[in-house]
Amino acid sequence: MSAGYVLVVAEVRRGLFEERNLDTIGLGRELGLPVSLLLPENVNGVDELLLDRVLKVSADEGTFLNPLVMVSILVKVFESQGQPDFVLFTHSSSGAECAAYAAGHFSAPLVTDVSGFDQSTGTFFKSYYSDKVFAQFKSTSSPTFLTVRSGSFRENVTRNQAAPAVESVGDIAPAEGRTFLEYVEEAGGAVDITKAEFLLSVGRGIGSKDEIPRYEELARAMRAVLSCSRPVVDKLWLPKERQVGTSGKTVKPKVYLAMAISGAFQHIAGMKDADCIIAINKDPEAPIFQYAHFGIVADVNKLRDKLIETVKGS
Amino acid sequence: MEIVVFTKRVPVTQEEELRILEDGKAVDLRKLPHRMNDWDNYGVEEAVRMVEKGGGGVTSVAIGDAEADEVLRRAIAMGARDGFLLETEEVLHDPFARATLACNFLKKEKIPFDALFTGVQAEDDQFACFGGMLAAMLKIPYAAQVIGVDSVEKDHLVVRRELEGGLQERVKVSLPCVLSVQSGINEPRYVSIMGVRKASKVERKVFKASNYADNVKSLIEVTKWAYPPKKEGAAMIAGDVNEVCGKLLGILKEKGVYQ
Ligand SMILES: Cc1cc2nc3c(=O)[nH]c(=O)nc-3n(C[C@H](O)[C@H](O)[C@H](O)COP(=O)(O)OP(=O)(O)OC[C@H]3O[C@@H](n4cnc5c(N)ncnc54)[C@H](O)[C@@H]3O)c2cc1C
């Protein structure tokens, strides 16, 4: 039944081909079938040599990355190209949204947030409990829908000698049930954490808003800039401009000192390129220790008090 | 508006060592405390605020064993009118099975709704796809990662979806629809033990999942549970608080960020 190829659905924002598409293409390569890329028109930054076929849809990106429209697009692609073995999306806001809706529509298997693939068993690794354990999933029918974790497979991309065939999928009608209106940029703040050389970053584990002034005191004393994980912003302990991660800022300081942050991939993605990562957590199994250069198992608030005392006393 | 919010009871694992049993057959969750999935707090709160403003009612639905009643009590304490438990002893790992079950239930019981809410994801399996699958099965629109509801009209909503890196998109979604609600959209109200106790007096209805089992099947299967692939890992700094403090400052000095 299936036509023996992998369909990769591109993620495009403001005319640019997002870098995390390399991970979906990379997983496509590991799956060992020809890779077709589906994308809207007028996209910059696509390296077509990474692909075996390119399928273009006459739609703008706001229409393209809409779950209702995506289903109609996929119906058309399956008709003209045959049914793929796998349909791959990025594990992002729109990628996961489209994949879920399409899998529900086609009654197709879906594994999200895939970060590994085991060739010998044909199983996909999916994170549970913020990376504390992983489940290996087997799909029982085809096409299998997958959303792919950013950073997981990009080293697998390979370049062809010749440019791929480019085909048009044709026009796609917008969906009545949901329409794109506009992009909205979150307001910037007074502090730019991306410029800091030394970030002192706090997570939910500090316990409460009442602890924040003492961390501010420590940051001042060490001449560090205070940043944080998402729950700290959600709880209004610190403003959004301080948030590190996929839905916040990407930072590359000389030193990133993470206090009571567990190490969910959405956080790691925003700080993994720091020169030196130091993690303090009371849980010796916290996933962040896998990414840190130095680790300390301790109660953060106690260690904070000692640090303030030492730094101020010296 | 009538809003149905799906709420899940999840284990609290942040500070726990998780043990894999029987050579990868299962994860031992027996001794862990449980609570309402954090993202669902935001979903319930948003729904309650919408009906407080515009009228209607909120129904909290949980899929799970009898203990999942706990999250229904919490949702009622937050302002939900009804709590429905779709009771099953079986752990449905595939969200497709859960979405099919929910779809059958809503249809068979003719549960009225203008909107269905879920959290963006569950803390335990982080699948982030139950709502999208359910919307497609019900043939109604879907918007994920909603971080703001800008306007509520008779036949549609205007919502903001969170994308990556500080970008959002504003979209118009027809009613009825499914929304997945992102953390930070509101500040969920505080729920006291007294509040939950009062909520326990409100009757919650129990529906047996086996009555809605048509086509409830798994399309993906867990073959094995595994610990995360070990990377190089951190060099651990040990000692009492004075020693650790000294060594930490030493590293900061060496890296040139602290004098
Ligand atoms: C679409 C989406 C986007 C997201 N974007 C982001 C993002 O941009 N940035 C981000 O950070 N997250 C993001 N998240 C959330 C992410 O999945 C995690 O929920 C979040 O990163 C967890 O934050 P945390 O580590 O502070 O809290 P937790 O995971 O709750 O961890 C708290 C940690 O503190 C430790 N701890 C507790 N008490 C103490 C103590 N006394 N001493 C020492 N340690 C202690 C615990 O052991 C635990 O490891 C996003 C999620 C989604 C679904």
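Everything discussed here concerns the structure shown above.
Attention in this report is confined to the structure presented alongside it. (Residues numbered from 1 in each chain as written. Chains lettered and ligands numbered in written order. Predicted model: local features only at pLDDT ≥ 70, side-chain atom pairs only at ≥ 80, totals over all residues. Heavy atoms only, no water.)

### Notes on the interface of chain B and chain A
Each partner contributes to the interface: chain B provides 84 residues, whereas chain A provides 88 residues. Roughly 7,500 Å² of surface becomes buried between chain B and chain A when both sides are summed, with 59% attributable to carbon and sulfur atoms. Inspection of the region where chain B meets chain A yields 8 salt bridges. The partner of Arg-20 of chain A in a salt bridge is Glu-164 of chain B, with the nearest N and O atoms 3.2 Å apart. For the pair chain B and chain A, the interface holds 42 residue pairs in polar contact (both at pLDDT 80 or more). Contributions of two or more residues to the side of chain B that touches chain A are made by helix H1 (38–54), helix H4 (130–138), strand E9 (142–152), strand E10 (156–162), strand E11 (167–174), strand E14 (220–226), strand E15 (235–236) and helix H6 (241–254) of chain B. In terms of residue class, the side of chain B that touches chain A is built from 45 nonpolar, 19 polar and 20 charged. In the sheet, strand E12 (residues 178–185) of chain A pairs with E11 of chain B via 7 bridges, with the strands oriented antiparallel. Each bridged residue has a counterpart across the sheet, and for Val-184 of chain A the counterpart in E11 of chain B is Gln-168 of chain B. (Contact = heavy atoms within 4.5 Å. Buried area = accessible area lost by both parts, 1.4 Å probe. Salt bridge = Lys/Arg side-chain N within 4 Å of Asp/Glu carboxyl O. Polar contact = N/O pair within 3.5 Å; in protein donor to acceptor, adjacent residues only side chain to side chain. Helix = DSSP H or I, 4+ residues; strand = E, 2+ residues; numbered from the N terminus. Nonpolar A, V, L, I, M, F, W, Y, C, P; charged D, E, K, R; others polar. Pairing = 2+ DSSP bridges.)

### Topic: the pattern of salt bridges
The final tally for this structure, using the stated rule, is 50 salt bridges over all chains. For the salt bridge of Arg-214 of chain A with Asp-305 of chain A, the shortest nitrogen-to-oxygen distance reads 2.9 Å. Taken as a pair, Arg-214 of chain A in helix H5 (residues 212–222) and Asp-305 of chain A in helix H8 (residues 300–313) lie far apart in primary sequence, 91 residues in all. Given a relative accessible area of 30%, Asp-305 of chain A falls into the partly exposed group. A salt bridge links Glu-162 of chain B to Arg-230 of chain A, with the nearest nitrogen and oxygen atoms 2.9 Å apart. Taken together, the residues Glu-162 of chain B in strand E10 and Arg-230 of chain A in helix H6 (residues 230–234) connect one chain to another. The residues Glu-162 of chain B and Arg-230 of chain A share a single accessibility class, namely buried. One network of salt bridges, with partners in common, ties together Glu-211, Arg-214, Glu-217, Arg-304, Asp-305 and Lys-312 of chain A. (Buried < 20%, exposed > 50% of the residue type's maximum accessible area, 1.4 Å probe, protein only.)

### Some remarks on the pairing of strand E5 (residues 53–58) of chain A
Where strand E4 (residues 35–40) of chain A lies against E5 of chain A, 5 bridges are found, and the strand directions are parallel. Its bridge partner being in E5 of chain A, Ser-36 of chain A is matched across the sheet by Arg-53 of chain A.

### Quick notes on the side chain of Gln-182 of chain B
Note that Gln-182 of chain B resides in the loop between strand E12 (177–181) and helix H5 (193–199). Of the polar contacts made by the side chain of Gln-182 of chain B, one reaches the side chain of Trp-39 of chain B; its length is 2.7 Å. Looking at Gln-182 of chain B, its side chain comes within polar contact range of the side chain of Glu-162 of chain B, at 3.0 Å. Non-local contacts of Gln-182 of chain B, meaning those with residues more than four positions away in its chain, are made with Arg-230 of chain A together with Trp-39, Tyr-42, Val-120, Gln-145, Val-146, Ile-147 and Glu-162 of chain B.

### Focus: the packing of aromatic side chains
Two descriptors summarise a pair of aromatic rings, namely the distance from one centre to the other and the angle between the planes of the rings. Residues and elements named next belong to chain A. If you walk through the whole model with that rule in mind, you get 15 aromatic pairs over all chains. Seen in terms of ring centroids, Phe-89 and Phe-145 are 6.4 Å apart; in terms of plane orientation they differ by 15 degrees. Their pairing is stacked. Taken as a pair, Phe-89 in strand E6 (residues 86–90) and Phe-145 in strand E10 (residues 144–148) lie far apart in primary sequence, 56 residues in all. Like Phe-145, Phe-89 is buried. (Phe/Tyr/Trp six-rings, centres within 6.5 Å; stacked < 30°, edge-to-face > 60°.)

### Some remarks on the pairing of strand E8 (residues 123–128) of chain A
Residues and elements named next belong to chain A. A large share of E8 lies buried, amounting to 5 of its 6 residues. In this structure, strand E7 (residues 110–118) lies alongside E8, joined through 4 bridges in antiparallel fashion. Paired with Phe-117 across the bridge in E8 is Phe-124. Following E7, the chain reverses through 4 residues before pairing antiparallel with E8; Gly-122 in that reversal takes a positive phi of roughly 65 degrees. Judged from the 5 bridges that link them, E8 and strand E9 (residues 133–139) form a sheet pairing that is antiparallel. Its bridge partner lying in E9, Lys-126 is registered against Ala-135. Following E8, the chain reverses through 4 residues before pairing antiparallel with E9; Tyr-129 in that reversal takes a positive phi of roughly 50 degrees.

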